Each structure stands twice: as structure tokens, then as C-alpha cells.
Amino acid sequence: MQYSKLLIPTLRETPSEAESISHILMLRAGYIRQLASGLYIYLPLAWRVINKINKIIKEEMDAIGAQELSMPVLHPAEIWQQTGRWYEISDEMFRLKDRTGRDMCLAMTHEEVMTWLASREIRSYRDLPQSWYQFQTKMRDETRPKSGVLRTREFIMKDSYSFDADEKGLDISYENHARAYHKIFTRCGLHYYQVESDPGMMGGNVSHEFMAPSTAGEDEIILCKNCGYTANIEVAQSLPDSGLNEEFEFEEVYTPNQRTVQEVAEFLNVSTKGFIKSLLYISDSKPVLALVRGDQEVHEKKLSKILKSPVRPANKEEVFSILNVEAGFIGPVGHSITIIADEILSKGCCISGANKKDYHIKGIVPNKHFTANWQDIHVAKSGDLCIHCKSVLQSERVIEVGNIFKLGTKYSLPLKAFYLNQEGAEIPIVMGSYGIGPARIAASAIEQNHDKDGIIWPSSIAPFDLHIIPLNLKDINTQKIAYNIYNSLISSGFDVLIDDRDERPGVKFKDADLIGIPYQLIVGEKALKQGFIELKSRKTKEVTKIDLENPFEKIIGLLKS
Ligand code: ATP
Ligand code: MG
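These numbers come from a predicted model, not from an experiment.

Caption draft 1: Region of interest: the domain arrangement of the protein. Domain assignment breaks the protein into domain 1 (19-193 + 404-446), domain 2 (251-375) and domain 3 (464-560). For domain 1 versus domain 3, the separation of C-alpha centres amounts to 40 Å. The salt bridge partner of Lys 52 is Asp 495, with a shortest N-O separation of 2.9 Å. In this assembly, domain 1 and domain 3 are joined by 2 residue pairs in polar contact (both at pLDDT 80 or more). Elements that contribute at least two residues to the side of domain 1 that touches domain 3 include exactly helix 1 (21-28) and helix 2 (44-63). For the side of domain 1 that touches domain 3, the leading source of residues is helix 2, giving 3 residues. A per-class count over the side of domain 1 that touches domain 3 returns 4 nonpolar, no polar and 3 charged.

Caption draft 2: Up close: the site of ligand 1. In the vicinity of ligand 1 lie 15 residues, with Arg 140, Glu 142, Arg 151, Glu 400 and Asn 403 positioned nearest. Contact distances for ligand 1 include 2.9 Å between a nitrogen atom and a backbone N or O atom of Thr 152. The contact in question runs from an oxygen atom of ligand 1 to an N or O atom on the backbone of Gly 437, over 3.0 Å. In isolation ligand 1 offers 580 Å² of accessible surface; the protein chains occlude 87% of this area. Secondary-structure elements contributing two or more residues to the shell around ligand 1 are strand 8 (154-164) and strand 21 (394-408). The greatest single-element share of the shell around ligand 1, amounting to 4 residues, is contributed by strand 21.

Caption draft 3: The arrangement of helix 1 in detail. Summarising burial for helix 1: 7 of the 8 residues are buried, a large majority. Among the residues of helix 1, those classed as buried are Ser 22, His 23, Ile 24, Leu 25, Met 26, Leu 27 and Arg 28. Each element contacted by the buried residues of helix 1 is listed here: strand 1 (32-36), strand 2 (39-42), helix 10 (438-448), strand 25 (450-451), strand 26 (454-455) and helix 12 (505-515). Backbone geometry just downstream of helix 1 places Gly 30 in the positive-phi region, at approximately 75 degrees.

Scoring rules and cut-offs
- Residues numbered from 1 in each chain as written.
- Chains lettered and ligands numbered in written order.
- Predicted model: local features only at pLDDT ≥ 70, side-chain atom pairs only at ≥ 80, totals over all residues.
- Heavy atoms only, no water.
- Domains from an automatic or database assignment.
- Salt bridge = Lys/Arg side-chain N within 4 Å of Asp/Glu carboxyl O.
- Polar contact = N/O pair within 3.5 Å; in protein donor to acceptor, adjacent residues only side chain to side chain.
- Helix = DSSP H or I, 4+ residues; strand = E, 2+ residues; numbered from the N terminus.
- Nonpolar A, V, L, I, M, F, W, Y, C, P; charged D, E, K, R; others polar.
- Near = heavy atom within 4 Å.
- Areas by Shrake-Rupley, 256 points an atom, 1.4 Å probe, with all protein chains shown as cover.
- Buried < 20%, exposed > 50% of the residue type's maximum accessible area, 1.4 Å probe, protein only.
- Contact = heavy atoms within 4.5 Å.

If you want it as C-alpha cells, here you go:
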């Protein structure tokens, strides 16, 4: 395509509203424009990238036998009411009424509609297994739409759903999807991890996320470089490093106005690892005392899973009325309320609040001075040890680009998606669901591949394979050779952009580096006179001289490599 005929509105200045690199570069390089909060226009270059990503996804979905279809974005409320999600999901769902007053919503995801279809069209074990997928718009009124296209309120998702006769079948569908996802992210040129994750609002009990490391990511993962254990921090387990080996007499110590673990640790000159951090939570309107080591944090999700109900920290007034002590001096000794304590504490941490203003207790012995339900309730962090191989763990910020869930019968039961087995009995279909965000792949690729001058696309998802830069199109020789190569490469199936603008070479080079096509072919008068043109790699900046005798073989060879 000719540059002059494409809408590529590059910007020289860094837009002030953008924070993440991908957001800044997509705006500056003329890929996107924001219509309103979380709503983006994809300009021609961005749309080419998305289409390339979608093509890769489609090929890999088709390769595992998934069938493409398309479902409405506007849904009747009833199916969402039947699964209960109409009531569970709050403001994230866009709701509306049609002209007859009927409740409707906009698709956040499609488990309900897919299961509705399965309940009608899958009748017998002979119809199973099935896998259906689509590229379809999802609407979510996200709390904080940010970072450009990484978190938007309207986005396209590739979502697929598997339908099997039993758990064994689901295991196979799940593995097929996991394998396809590995191929997709590898082909898109992403650096990524597959990590254990929390199924959250999708339900089910096994799920994995595919995470692209980037400082722009909103998620954090824990990983062991030795044995390969990787998990989202929302579910990650770890062994804390060894604690304190000191022993103390059981005694009350005066700690005037010293409230936080940090303050008391400094005041008593003991490491925070010698402390029990005691925090009061309210769960199901009942109080629970949660204990972790002084240098650790309580993992509220783990706590709420153990209690099978949401938890929230008690406020100051609740602490006082329930424990009869000011926050800052709470401890586990002498209470009758439920105590859930992190396992590491049973090995002996010994200083905590004395439940008396301005006092702490030293020398507390777990299981002697207090009893507790021992559980894993700490937040894993870098520096902790791996539960599998005891190596030191690391943490990394990541962008979730895709995920896979074993749903089981969570949707087939309420929506009555049953099949008849060989004996004629009605059995619920066992389901899985699998999502990928193409826009997040594009933005993650930029986060991982850029330099100070702009984007450096992985070849497989670049908007064009080659960017021809004729330095002076008024020169007849330049024009002839540039267009000759342009036409020949296009007829060989390559996507080629030619900068046909009447601009100074400096402007053309700046724009070329900014928009990030992996190879630039520079056609300059001087070089032509010496019988060559130059092929420059956007990534390595390496320039290969190409003889004018027969340039195609060499160019095609380099593009294909
Ligand atoms: P997150 O935790 O980041 O909100 P999610 O768990 O809600 O993501 P899913 O509902 O499982 O995401 O959606 C599947 C995929 O769709 C995600 O892996 C991501 O690639 C993409 N996605 C989800 N929400 C958004 C969004 N608001 N904007 C763009 N892409 C999104
Ligand atoms: Mg979400």
C-alpha cells in the first residue's frame, strides 16, 4: 500500500493522557484514537495487526477441531438470571431494557448463550465432544479502563467453549486448548508464561492464565526458575524463608504508642520475623482473627476461600467493641474468637499485642498460649521458597493475554444442557471455556518489543512485512526500482508499504521507526549509482547491502527468516 493513501496520523509529542509504553506508542504511531473512556478506534495499521493476530488464532483453533460461529452481543436477562450471574455481577455489566420493557444485557462473555445453544442442539453422547468459538465483542463497564487497549470497556475476545461427556473428555479438550494457546502466543512472538490461576467469576475449579511479562501489567505472578512452578499471586503458595531463632521468656512488655509491627520491632530491637501480625476481619458478619508473620501480609482471597464467604478488615470501632482493645495492640492470647493462623507461625514466632493498650507480649508459644486453625493465608512474595523444590522464588508483573477454565457443570446444570448416555440416562454436559484478547496480544507485543524510537513488531503480527523508503521519488531511477520491487513482492504475497510521500528522508525514517515494520528497504540515489539498495532490520538496525542484479531472492530470504 502507498503511505500517502493510508491514514497514519503519527504524532511528534508524547500524549499526556498515556502512561504505559504501548498506549503512548499506539497513539504516537497513529494506530489508535480514544473516543471516550475505555472506547477505542483502531486505525488502519492497528486493524491490520489485529487481523494478523486473529488469523493465527483462527488457524490454531481450527487445527484442534473447534468450529467457528457467531453469537449476539445483546442478551435476554433470563439466561443470566438462570445461572445467577445477573445477580452476582454488579456494575461491570451493562444492562438495558428493550422497547417492551424486557430486561436485557450486553455480553460480558458468552457462557450463558453457548450453554443455551448446547441445551437445545446436543442431545446424545454421539453429538459429543464439541468445541465452538467466535471472535466477538464483549462489553464490560470496567472500574478503571486504562493503559490504552489493554483494558477497555468494549473489546473483541476470541472465546471458545468445549462440551464433553465427562471429566476425562474435558481434560482432553482443556489440554488441546492449552497446546493451541502455546502455539498462538509463540507464533505471535510473545514472551509468556502459563500460570495457575483463580477461576473467579467463571466458576469451576481448575484454570490457567497465559501471562506476558511487562511492567504495564496489572497482575503479578510468582515463579520458580528452578522447577518451573508458576502461579498468579492470587493463588500462589510459598514457604516463607526461615524466621527468627531467638527465644524469649513469656512476659508482657511496655510498648507505649508503638502500634505497627515495624514500630514495635524497632522499639524492641527484634526483627519483624519474630512477630505475629494479628488482624481482625469480618466474615459473614462474624469476627475472625487472622495471624501472619510480622514480615508478611494476609491474603484476603485465601482467607475468604477457607471461610467460604467474603471477608473485610474490621474498622476501628468494630475492633474495639469486639476485642475491647485498640487496634495496634491486638494479639492471639486470651481470646475465644475464631483464629486462623498462617502455618509458618506454628514453627514459633513469639511477639504480638497483649490485648491491652501500650503492651505487647514476648515469648508466645503457639499451641500452648493460643490455638488456631493452621492454614496457608500469607501472600507469596519474591524471596520466599518454592513449595516444590525449595528454590528461591521470584515475582514478575504480567499482562493476562488469555486464560483457560475447567467449568465442569456450573453452567450446564442451571441451563439444563443434558445429553442422553448409552443407557438412556440424562447427564449434564461437562464444559470448559477459553478466552484470548487479541488487542492485549498487540499491546503486550509492543510492551515487549520497542526502543526509544518506536515499535518493533514481531514479523508475524506486523501490519506490513516490509516498508520501502525511496529517499527521492522525483529521481526516475529511484522511482522505477522502488516500484518494481514493490510490485514484485506484492505479487509474491508479501504485505508491503511504500513511503510515496514527498517528505524529507529524516521525516520518513522517523515515521518508519515509529510505526515499527520489521524491515525497511532504503532506495537512495547514491547507493543506486553504486549498484545496491539497503535492507535494514528495525530491531538490530543491521543494514544488508542488496545487489541490484537480482534483489528478490535475497530480500525474500531475509523477510522469511
Ligand atoms: P482481567 O483479570 O484482566 O480483568 P479477565 O479475567 O476478566 O481479565 P476474561 O474474562 O477471562 O478476562 O477474558 C479473557 C481474555 O479477554 C483475557 O485474558 C484478556 O486477554 C481479554 N480481556 C479481558 N478483559 C479485557 C478488557 N477489559 N479489555 C481488553 N481485553 C480484555
Ligand atoms: Mg476482568
